[in-house]
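# Architecture and fold: a report
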Amino acid sequence: MQIFLARTQGFCAGVARAIDIVEQALARYGSPLYVYHEIVHNTAVVNDLKGRGIIFVDNIDAVPDGARLIFSAHGVAPAIIHQTRVKQLKTIDATCPLVTKVHDEAVRFSTDGLDVILIGHKGHEEVEGTAGHVTAGRLHIVQNAGDIEKLDIPAHRKVAFITQTTLSLDETRELILRLRARFPRLTGPAKDDICYATQNRQDSVKELAGICDIIIICGSPNSSNSNRLREKGEQLGIQSIIVDNANELDPAILKGKQNVGISSGASVPRHLVEDIVHQIRKAFPEAVIKTFDNPEKNIIFPRPEI
Ligand code: SF4
């Protein structure tokens, strides 16, 4: 057996920055320290921070007046920022700069008076945050072709699109083509808002799909970019499974497989992938590890002063 580790390993720059912000804030201010929503969508990261005194909340009312609160990497809507001001919270923003860029686009298109079509998954925290930056009544969230059919906007109107950062590249391109066909005056970012980390991870799964019999994605169930990786493998005809950690992997599934690919979402610590490799090698001691050059090793988003 050969185990191929995807080119992309470990945290993306936005996740590394968000976790660094929490750790620096914890070192400087100590507990209690609140984080609005999971700082990133990874069970192990969140549980580790909980164990070190971080309190995660999904509702600003759960934070005591005057306390210190960190916004997660997924970003927040202006209404949430307003609530924190009313409660005189001391806030620290760990929003990924690539999500902030989408917020800025939402504001710019709204200021221009355009209807804004946000391509993304309804209910995802990033989408809720971005949606809040669009003028009320001008927002249209679409997540599939059926949603585009149902849009109640005259075809001649100039409309803008923006996207969630962690979508499937191929599906999003398809949706943008449909929007262009329906709205000839469509405007938007030069390409889409899908971030470099999502793109690289999907490309690396395509690479694995060309050589592997099965692909294991390490990622949490609520991680959008991890789920897109599993789907990508399946779309390419390769059996693909997602596991949060090594305990969820039954090595029996690998019996008879020659080439096993392992990839991971942008919020997955490296040690979880190493645990999976260890788990496989316990069952298949002859397995040989193959690696590729990581295209992201020099990408860093500096964190603000805490
Ligand atoms: S996945 Fe992309 S948008 Fe999300 S934190 Fe990482 S770099 Fe930022």
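Our subject in this report is the structure included herewith. Just so we're clear, the structure is a prediction, and the values are computed from it rather than from any experiment.

Each value, and the rule that gives it
- Residues numbered from 1 in each chain as written.
- Predicted model: local features only at pLDDT ≥ 70, side-chain atom pairs only at ≥ 80, totals over all residues.
- Heavy atoms only, no water.
- Helix = DSSP H or I, 4+ residues; strand = E, 2+ residues; numbered from the N terminus.
- Buried < 20%, exposed > 50% of the residue type's maximum accessible area, 1.4 Å probe, protein only.
- Contact = heavy atoms within 4.5 Å.
- Areas by Shrake-Rupley, 256 points an atom, 1.4 Å probe, with all protein chains shown as cover.
- Lys, Arg positive; Asp, Glu negative; His and termini not counted.
- Charge placed at Lys NZ, Arg CZ, Asp CG, Glu CD.

Let's shift gears to the overall build of the protein chain. For the protein chain, the count of helices and strands is ten helices and twelve strands. Along the first, second and third principal axes, the C-alpha set of the protein chain runs to 60 × 55 × 30 Å. Across the 306 residues in the protein chain, those meeting the buried criterion constitute 53%. Partitioning the contacts of the protein chain with sequence separation of at least 6, the portion at a separation of at least 24 is 75%. For the protein chain, the accessible area works out to roughly 13600 Å², and carbon and sulfur atoms hold 50% of it. Of note, the protein chain has its 35 positive side-chain charges centred 3 Å away from the centre of its 37 negative side-chain charges.

By secondary structure assignment, the location of C218 is in strand β9 (residues 214–218). The class of C218 is buried, set by a relative accessible area of 0%. Through-space distance from the C-alpha of C218 to that of S267 is 9.7 Å; in sequence the pair is 49 residues apart.

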